[in-house]
Amino acid sequence: MSPWKIIRSACLSLFGDSARAFGSLSVVLLLLLAIVPAKDHFREWLRYQHEYQRLIRNRSDGVSLARRFQGGVQQIWLPELGVVDRCTTCHVAQKEVSLAGVMTQPFRPHPPIPHSLTEFGCVMCHRGQGAATTVEEAHSSTKSWEQPILPARYVESSCGQCHERPLAGTPQLNAGRDMLARYGCVHCHKVTSPEGRTMTATDDPPSLKHIAAKTTREWLYAWIMNPQAYAATATMPNFQLSVGEARDISAFLVGQSTPYLADGDLKTPPVPAKDDTAALQQGSSVYGESFCASCHAMQNAAGLMVGGNLGPELTRIGSKVKPEWLAEWVRNPKVYDPDTAMPHYRFEGKDIGLAMGFLESKTDPDFLANVHLDAATPAQIAHGKALVVERGCAACHDINGIAHQENFAPELTAVGSLPLAKIVFAPGMPHTLPDYISAKIRKPRSFGSALKMPQFTFPDAQVDALVTALLAQTSRARTLPAALRIPAAPPSTYQPAGRAGKLMTDMRCFSCHAINGRGGDMAPDLTWEGSSVQRSWLVNFLKRPNTLRPALIRRMPKFNVTDEEANVLADYIMTVYQTPAFDSGEIDASKFGAADSAHGKDLYYGKYACNSCHILDPNKDKGYIGPTLTQAGLRLNAAWIFHWLKNAQALRPGTLELNWNMDDDDARAITAFLMQQKAASKQGASQ
Amino acid sequence: MKRTFAVLALLAAAGCGRVPSPALAVPAFGAAIVGISGEKQAAGMGATLDQPVVVQVNDAQGTGIAGARVEFSAASGVVFNPPSELTGSDGQLGTTVRLGGMSGRYSLVATTRDKAGKPLQVTFDEIAFDYQQTLGRELSEKYCSRCHNPESSAERVSNHDNLSVPPHAFSDGATLNPISRANLIAIIGHGGVALGKSPEMPPYSPTLSASDIDALAAYIRAVADPPYRPQGVFYANP
């Protein structure tokens, strides 16, 4: 029997007459109608909802869980945020705290966060396709949807879309944003906040206009070949230059350099001989007493890095700088670099020599051992200049004859929303945006050997932090309602006036102290310093700073100011830096009686246990966190102590001192007790 | 038929007699596996632990054995680099660990086999913090750890030993777990005196907001050792 005949007989048996045809078509119609409920029955989300119901059935709190469970497709719709999220269709237990121990998704409750899920939805923070109702489409990158779910380790980036100001709970995002500024990324890459403020760098790359006065061509060559070989903490990245490129760039940089001093101005002080160990010891003392380590790190004999990171590392400084330059720099750094963060120490000639002897002894004979450069030819210098322009050196450094290179690299303002279609991925790498950014940071040249981006050496955690900060730069952040945005504190251009202002600039007070929103955070905020201290103490402290906070290793250096300068500064501080919260003279300490201070002493050692953090009696107290109070009566203003005890956070936001919320009687008694503390001054003695 | 069997038997014998190639077989076997470092670390969700997890495979005398294969395993989402490798000349093997994307505790298991093929294992417990616990850790670093952490560093001297009543380390689960959440929050907010304890623990209530204190309590629970097991009635979040 041929196939044709079989089909014919089948057709006849199914549709041979009207009754048969009617019957067959009815069956087909029934089957067709069954498709929709069948498809519905096998939906993924329905399976998860059934699974959830099985999960909660046998729990002791199953009844209340079941009562709160809502079946069917769930949706969070927030038109002003552009959110249509159906994630809670499968992630059914987002608010069920009692399921915190469940480790299987999609049934984990959401960890506690400061925002309500119903007000912000899911994709604002986690990305993915909110409207999708299948696992694949919601979480992955598909043909019609680019943004997959954000890996958990970058989720802090989503906070950064609204929060420009550092948040206590997002250390990774904060660290990444600090890195963008500290490692100078924003010199080349423009990054702008939704308010339109452009991020500025904090690394302060030095001007190279007088570089030949500071160092040798050999050192420059070795440095640009590999900055981390000179100092592991160097922020300058490795440009992966060839030997010839480094030779020509160093030739050009030395060639373009101009003198920064007239010849007669060089006054090199007597430097002790290299084998004069007593002088080296004294030089080390000058280094220590001047608290150079507050800003500069140096490797100690045990190989440990000791010191701050505000200035460059000094472990091999003797191999880098020329002695005559160092002398001038220690004498007054602003002569060479008017914008440096380093203070003018006003050293005497002898101390300059001792400090120099100590710093010059910090050499590494191996560092330049293999560097031998022949005199440069004009062709090499010309090639060096071309390379300097090509590599964008002038995006960071001031160089004679080359204009500052603005926007040298692609802008990163919206890099967190970079369309995947615009990205050229390296072979073999996962096609996601976080993976792309992270690979670009780890090995920029893996995307092409001709690319200019230099090689940084960051550990995994720092790369994650940078990727987090960059992913926060989304285009969505720009479309959110302005009311949601928490802009960063506007940069302060505060500058104190007059002679005191000049002195404060000269001593670079703002490198460590903040006043009116401008300045560093290494030392206390001085905005209300005039209300806080007594003038006589301030004058003495400016001349001979002593240790106030024993637990700190960063301390106020001695700036060798004259009596007259100390008085000018004290006058200005006492007059201008007065809080409007109270009147400095409102409490007269001389009116306190013995009963007041006796009661204050009981409160100090009893109810408030102030001695757990402050030392008042050095023979008895051991507390090591707050400043020493042995001289509180000579140092502090009575009204300041009173208001400080009531609410220190209002006077100096962020201080470690608690807001004690003390009642007036207690605060008064403790003030009386503290104003009695007038131990003999140790100022000027060993610190 | 007989000949076929003979050939097969010969082939099988030849196969058994051959020295196993190093790529296919485990070249060395230990008698014990011990954890060296990397235990009880904490990181954010999906983040890399600061320190690698290091194990050592020992022989019966307790000396490290080189070339023993160690495999690391954990709940899904945890990434080891490398996931499996031979021990080095000192018998040790380190691996960097990226925790899974969910908060909570992760048990990492390192497995090697002894001569008899029996698995030898050592377990490491690590913690992934959620947002609230991360916030708690940051606040604790600023306000609490100067007294509650007895370890001093070059940058920070501990105040722990200067107090007349030594503060409890936050990982001291044996002491802190039995304290109810309400009492924990009362001690942080109103000071030690709130529960008749030392006034050296000051009241942080107006300084820190209620949600900050909640975060500190969540952090203390997260790092407790032995782990904190919640008890009692739960209510859904609003």
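Residues numbered from 1 in each chain as written. Chains lettered and ligands numbered in written order. Predicted model: local features only at pLDDT ≥ 70, side-chain atom pairs only at ≥ 80, totals over all residues.

**Observations concerning the confidence of the model for chain B**
All names here are of chain B. On average, residues of chain B carry a pLDDT of 85, and 86% of them reach 70 or more. Confidence scores differ between elements of chain B, with helix H1 (residues 2-17) showing the lowest mean pLDDT of 46 and helix H5 (residues 210-222) the highest of 94. This model gives residues 4-24 a pLDDT under 50, and the stretch forms two contacts once residues within four places in sequence are excluded. Under the prediction, the complex receives an ipTM of 0.88, its pTM being 0.88. (pLDDT = per-residue confidence, 0-100. Helix = DSSP H or I, 4+ residues; strand = E, 2+ residues; numbered from the N terminus. Contact = placed C-beta atoms within 7 Å.)

**Concerning the environment of Met45(B)**
Considering the arrangement of structural elements, one finds Met45(B) in the loop between strand E2 (42-44) and strand E3 (53-58). Judged by the 23 C-beta atoms lying within 10 Å of it, Met45(B) is buried. When residues no more than four places from it in sequence are discounted, the contact partners of Met45(B) are Ala152(A), Arg153(A), Leu99(B), Gly101(B), Met102(B), Ser103(B), Ala128(B) and Asp130(B). (Buried ≥ 20, exposed ≤ 12 C-beta atoms within 10 Å, placed from the backbone.)

**Topic: the sheet that holds strand E8 (residues 104-113) of chain B**
Residues and elements named next belong to chain B. Taken together, the five strands give an open sheet; going across it, the order is E2-E9-E8-E4-E6, and neighbouring strands pair in mixed fashion. Two strands in the sheet have a free side with no partner beyond their single neighbour: E2 and strand E6 (84-86). The mean inter-strand angle of the sheet, taken between neighbouring strand axes irrespective of direction, is 30 degrees. As judged from the three bridges shared by strand E4 (residues 69-73) and E8, these two strands associate in the antiparallel manner. In the sheet register, Ser73 faces E8, and the bridge partner there is Val109. (Pairing = 2+ DSSP bridges. Axes fitted to C-alpha atoms, helices over the stretch in contact; angles between N-to-C directions.)

**Observations regarding the domain arrangement of chain A**
Often the size quoted for an interface is simply the accessible area lost on bringing the parts together. Splitting chain A by domain gives domain 1 (3-41), domain 2 (44-149), domain 3 (171-202 + 409-484), domain 4 (211-228 + 239-360) and domain 5 (494-687). In this structure, domain 2 of chain A and domain 4 of chain A have C-alpha centres spaced 60 Å apart. (Domains from an automatic or database assignment.)

**Considering the domain arrangement of chain B**
Residues and elements named next belong to chain B. Looking at the assigned domains, one finds that chain B contains domain 1 (32-129) and domain 2 (131-151 + 167-222). One C-alpha centre belongs to domain 1, the other to domain 2, and the line joining them spans 32 Å. Contacts between the two partners involve four residues from domain 1 and, on the opposite side, four residues from domain 2. Here the side of domain 1 that touches domain 2 is composed, by residue class, of two nonpolar, two polar and no charged. (Nonpolar A, V, L, I, M, F, W, Y, C, P; charged D, E, K, R; others polar.)

**Structural notes on the sheet that holds E3(B)**
All names here are of chain B. As summarised here, the arrangement of the four strands in space is E1-E3-E7-E5, forming an open sheet in which the pairing is antiparallel. Edge strands, defined here as strands with exactly one partner in the open sheet, are strand E1 (32-37) and strand E5 (79-81). Neighbour-to-neighbour, the strand axes of this sheet turn through a mean angle of 35 degrees, independent of strand direction. Pairing of E3 with strand E7 (residues 92-98) involves four bridges; the strand directions are antiparallel.

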